[in-house]
Structure formats: structure tokens, C-alpha cells
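# Chains, contacts and geometry: an overview
The primary structure of each chain is shown beneath.
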Amino acid sequence: MDDEPAIVARNLRKSYGGVAAVDGVDLTVRRGEVFALLGPNGAGKTTTVEILEGYRRRDAGEVSVLGTDPARADAAWRARIGIVLQSTGEFEDLTVREVVHHFAGFYPAPYPPDDVIAQVGLAGKANARTHGLSGGQRRRLDVALGIIGRPELLFLDEPTTGFDPEARVEFWDLIRGLIALGTTIVLTTHYLDEAEALADRIAVIAGGRVAAVASPADLGGRRNAPATVAWRSPEGEPRSEQTATPTALVAELSARLGGEIPGLTVTRPTLEDVYLTMIGSGGRA
Amino acid sequence: MTAATTLARRQGALEIKQFLRSRESVVFTMAFPVIMIFIFASIFKGDIGGGVRFTQYFVTGMIATGLLSVGFQSLAIQIPIERDRGVLKRLRGTPVPKWVYFAGKTVMVLAIGVAETALLLAVAALFFDLTLPRTADRWVTFAWVSVLGITACTLCGIAFSSVARTGRGASAVVTPVALVLQFISGVFFVFTDLPGWMQQVAALFPLKWMCQGLRAVFLPDSFAGLEPGGSWELGKVAMVLGAWCVIGLVLCLTTFRWTSRRDG
């Protein structure tokens, strides 16, 4: 049964007041992979994951998450998933340790709470009241509460929004630790670098639809897209040429220029290039 | 079953811990009735007839108000704030059954209600000549009126928490309701001195009946004849409070919201 995907969604739809927020989304998330939903704000990412988490009802479509329809989720199903919401829920006057211990009691087979606190890097703050935590530390507490129940599937909704670059990189290391445990992770983000750093596969969502699904290297066919070879002529003039066979061009240039090619670069469209093309065309690229 | 009661006990302990750590709510909740007793006993030094001091009458209203504030006001204000903060949404994402949240609130309300009432009675008896009930009968009445009253207030407080759209607006929505009920239900004035129509409006709500049931505990039997119905009407007290428990429960089950409105 482990070959069965963690999530299958077909033709998912949800409208608010006649406006389609999710307009026919198809997704398959395999077990053990990190799957990123990448898209601009308002693209339908959060609505989609909240349907998968069982928070929202869909208007139409088929959904199976760990073999269950989330709209009919029970406690046993909830015990198998972990959720890190976009907004943090605070417990003001309680300490980190108290909150994590309390949540551990909700699950049949939780991780040892103190281990989880250490894992998310809050060991030094275990006895601090949660209202005194910084934004990044609160997010770590959110993750601790998301994983305390030993989830098979973890949802992370825009986990690093508002982080400075250093905190983001530290947070990614935390997520990589979870990946190493074999947890299936669904990550929503509007940061390209985050999706590229963490995800096995990326679904670009725009206008309530999936514009493309691929590994970060393949997204938008960029692995096979024409490369741009740029160099400087012996007179120092910048030159460039688009080609499907950059290796041949470089060899030819090398022969022509006698060895070293001045100022040589070979580039393919960046993830950002293909992403902007996709969301710019209304998600129907 | 034991797992369920363990969850409820833990949730209750957590709620009490949170309450005790927020100093303002502890001071306000515990001290308010005591301060009010002090003010009223200092202003109205006389008796209300038959050698019964005004304090003896007023303490019944203060006990009822205390239960109303712990059960109704505090929950109707606190729950929308927790909803805004996403605490409720987070709980919904865990396997914990919904009712455990309500059970935790109820345990907290009962614990605080008992502590606050005990403090009020102790202060009133020590410093303001309050005469405590002398018969077991009266203590039994005291117990069931209080438990039924605070249960009705708790359920209505949870139900009313869905009225406020935001946590910030909650206290503006809830405080006037509680204040009006206190004025028309005989907390600050002798109930039968109020205009007849006001008495009739008050009779629709639980606070008036809580006060009346508590008067049966703290006033001499000779005062029963002065009640609007010519007696303590304890049967009616039980019925009205019981009805509000049912109404509150039905509203809780049908209208409770786990997420704030802008959150879908």
C-alpha cells in the first residue's frame, strides 16, 4: 500500500461569492516526497491545502489524503497528519515545554516532547513563555506542534514568510531534518528559492489552476530550453548566441579563438524566468 | 472513557494554569465582587426590614454576578480572542475531540467560580456581618442553584462567543449585555422595587432566577412573601435555569465557529 500516493486530488473547485479561488486543481503527491505549491499571493494555494487538511469544504472534485476524504476526516486520520498553519496560534502565558507536552497528549504515538523541542532548536527556550518568543521562534514552535504527533504527512503553509534570509536558511535545515525522517511534506510558498531548495517537485499555481508540475530543474522544460552562450570577441565586444547545442558552440568558439574563450558563460532560463512566464500568462502556460 | 476524561482533565488544568498566569484576570475576577461588597456595605448601612442588613440581600446579587462574570462574560470575551489568535483552528487540526475544549473551559469556570464565591463569602462574613446559612437544606439549595446557574452561564457564554466578529470587539458586545442584566435582575437594587415591566423582562433571563434562588438561601423565610411570586419559587428557578442550559447547549452545538470569519 506504500505505493499508493499520499495525496490525490482531481478537478478540485472552490468559489467564494461566485469567484473561483480554486478552479480545477489536479495534484498527486507521492509518499516520502517534498511537494511544493508555488504561486503568488491569492493564487489559491492556501485554499487548496486547507481543503486537503479538512478545514474547508470543496465545491467539486475528488480528494484522497492518506486514503481518506478529508471532508469526512476522523480523529484517527488527524493523528496521521501534521499541520503548520499560515497564522500562528499563540498560547500567550504558557511555556514552550507546557504547550508541546500538552499537544503530545492529543496523539496516540507522539515523539518525546523534549526531543522535538530540541529538534526545532528551542531547547534553550523550553521554559520561556510563548508570548516572549521572536517570530522565527514562534514558527519553530508551530513546527514542533505540527510534528509532535509523528505525522506521515506534514503540511507547511508559507512557513518562512516574514523571515530574514539567515533565519530562512536555518529554518530550511530544520525542514531537511524532517525530510530525512521520511515524512511526506506539502509546502506552500511564494518564494522561488524556498521551493528550489526544499522540494522534489514543484506545482506552480496561478489563477486557481496548476500551471505546471515538475522537479525544480525541469520546471517549464528549462533543462532542455535553448541555452544562451555569451563571450567577448578578441576586440572586447560582448557577443551572445542562443542555441540548442551549447557544447558544440563552445567547442567551435574555443577552436576559433585558440583555447580560452574570454568572458564565457552558458545559461539556461532561470527558475525565476520560467516561473514569471507561467504566472504572467494567467496560469495557462 | 478514561482516555477521554484524561484529555478533559488535562485541558482543564491547562485552562486554569493560563487563567492564573494572567494577573489582570485573576485580580479583576476575584477582587471585583469583594470590592463591590465593600462599596455597597459602606454606602447602605441600614437594614431592609426585620433586622436584616442590606449586605445580606446584596451578597446574593454579588454571588450571582460573580458566576455570571466567570461563566458568561469571561468566556464570551476570551473565546473570540482565542479564535482570532488561531488557537481554535490549531486545536481543530489535531485529533482531540471538539468537546474537550468546552470541557476544559467548564472545568476552569467551575474552579474559579468556587474560589471566587468562597472568597466573597469569607470577606462578607468576616467584615460585613454576613450571616451564613445555618441548615443543610439551605446549603443544598445554595449548591444546586449555583451549579445550575453557572452551567447555564457557561453554555450561554460559549454560545455568545460566536456573536462577536473579532476578539477586539468582544468585550464591547458582551459587557453591556451583562451590565443591563445586572441592573434589571435585582443585583444592585431590591428586585421588587423595580418597575413591573422590567421585572417581567428580567424574568426571561437566568440572572434574575439565580438571585432569587440565592435569596432563598441567605434571607429569612419571612422574606419569601415579598418575592414577586409570593414565595421563593424554587421549582421555577430550577426550570428556568435548566431551560437556559438546554438553550445554551443547542446554540453551542449549532452555531459555534472554530475559525474567524475572514478566515472562511
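By convention here, each chain's residues receive numbers from 1 onward along its written sequence. Naming scheme: in the order in which they are written, chains are lettered from A and ligands are numbered from 1. At least 70 in pLDDT is required for a residue's local features to be given in this predicted model, at least 80 for side-chain atom pairs to be given and counted, and no such filter applies to totals for whole chains, interfaces and linings, which use all residues. The side-chain values count all of the structure's non-hydrogen atoms but skip hydrogen atoms and water molecules.

### Concerning the overall build of chain A
We apply this condition: Strands here mean DSSP runs of E at least two residues long; helices mean DSSP runs of H or I at least four residues long; both are numbered from the N terminus. Per-residue accessibility, obtained with a 1.4 Å probe over protein chains only, is compared with the maximum for each type, and a residue is labelled buried under 20%, exposed over 50%, and partly exposed between these values. Here a residue-residue contact requires only that any non-hydrogen atoms of the pair lie within 4.5 Å. Accessibility throughout is a Shrake-Rupley quantity obtained with a 1.4 Å probe, and a residue counts as covered only by protein chains that appear here.
Helix and strand counts for chain A stand at 9 helices and 12 strands. By principal-axis analysis of the C-alpha atoms, chain A measures approximately 70 × 45 × 40 Å. Put simply, chain A has 285 residues, and 48% of those count as buried. Long-range pairs, those at least 24 residues apart, make up 66% of the contacts in chain A with a sequence separation of at least 6. Carbon together with sulfur atoms contributes 49% to the accessible area of chain A, which is approximately 12,500 Å² in total.

### Side note on the interface of chain B and chain A
The condition is simple: Using a 1.4 Å probe, buried area is obtained as the accessible area two parts lose upon being combined, added over both of them. Note on definitions: salt bridges are taken to be side-chain nitrogens of Lys or Arg within 4 Å of carboxyl oxygens of Asp or Glu.
Taken together, the 21 residues of chain B in the interface contact 26 residues of chain A. Here chain B packs against chain A, burying approximately 2,400 Å² in sum over the two surfaces, 56% of which is carbon and sulfur. By the criterion of area lost to chain A, the three top residues of chain B are Arg21(B), Arg90(B) and Pro95(B), representing 32% of everything that side buries. If you look at where chain B meets chain A, you find 4 salt bridges. Residue Glu98(A) is joined to Lys17(B) by a salt bridge in which the shortest nitrogen-to-oxygen separation is 3.5 Å.

### A few points about the side chain of Glu53(A)
Under the convention used in this document: By the counting rule applied here, Lys and Arg register as positive and Asp and Glu as negative, while His and the ends of each chain are not counted.
Counting through the fold element by element, Glu53(A) comes out in the loop between α1 (45–52) and β4 (60–65). Of the side chains with opposite charge, Lys89(B) comes closest to the buried, unpaired Glu53(A), at an N-O distance of 6.3 Å.

### A look at the environment of Glu194(A)
Summarising the element assignment, Glu194(A) is placed in helix α7 (residues 192–198). Residues contacting Glu194(A), with those up to four places away along its chain left out, are Pro159(A), Thr160(A), Arg168(A), Trp172(A), Leu187(A), Thr189(A) and Ala199(A).

### Description of the side chain of Thr60(B)
Residue and element names in this part refer to chain B. Mapped onto the elements, Thr60 comes out in helix α3 (residues 54–85). Residue Thr60 is classed as buried on the basis of its relative accessible area, which comes to 1%. Ignoring anything within four residues of it in the chain, the contact list for Thr60 reads Cys211, Leu214, Arg215 and Phe218.

### Topic: helix α9 (residues 206–218) of chain B
We apply this condition: By this rule the span expected of a helix is its residue count minus one, scaled by 1.5 Å.
The terminal C-alpha atoms of α9(B) lie 19 Å apart, and with 13 residues this matches the ideal 18 Å at 1.5 Å per residue to within 8%. The buried fraction of α9(B) amounts to 13 of the 13 residues, a majority that puts the element mostly inside the structure.

### Quick look at the sheet that holds strand β5 (residues 81–84) of chain A
Residue and element names in this part refer to chain A. The line we're drawing: One bridge is not enough; two strands pair if DSSP finds at least two bridges between them. Convention adopted: a line fitted to C-alpha atoms gives each axis, helices being fitted over their contacting stretch, and angles between N-to-C directions are expressed from 0 to 180 degrees.
Read across the open sheet, the 6 strands follow the order β5-β6-β7-β3-β8-β9; overall the sheet is mixed. Sheet topology places β5 and β9 (209–214) at the edges, where each strand pairs with a single neighbour. For this sheet the average axis-to-axis angle between neighbouring strands, irrespective of direction, equals 15°. Strand direction decides the pairing type here: strand β3 (residues 34–38) and strand β7 (residues 184–189), joined by 5 bridges, are parallel.

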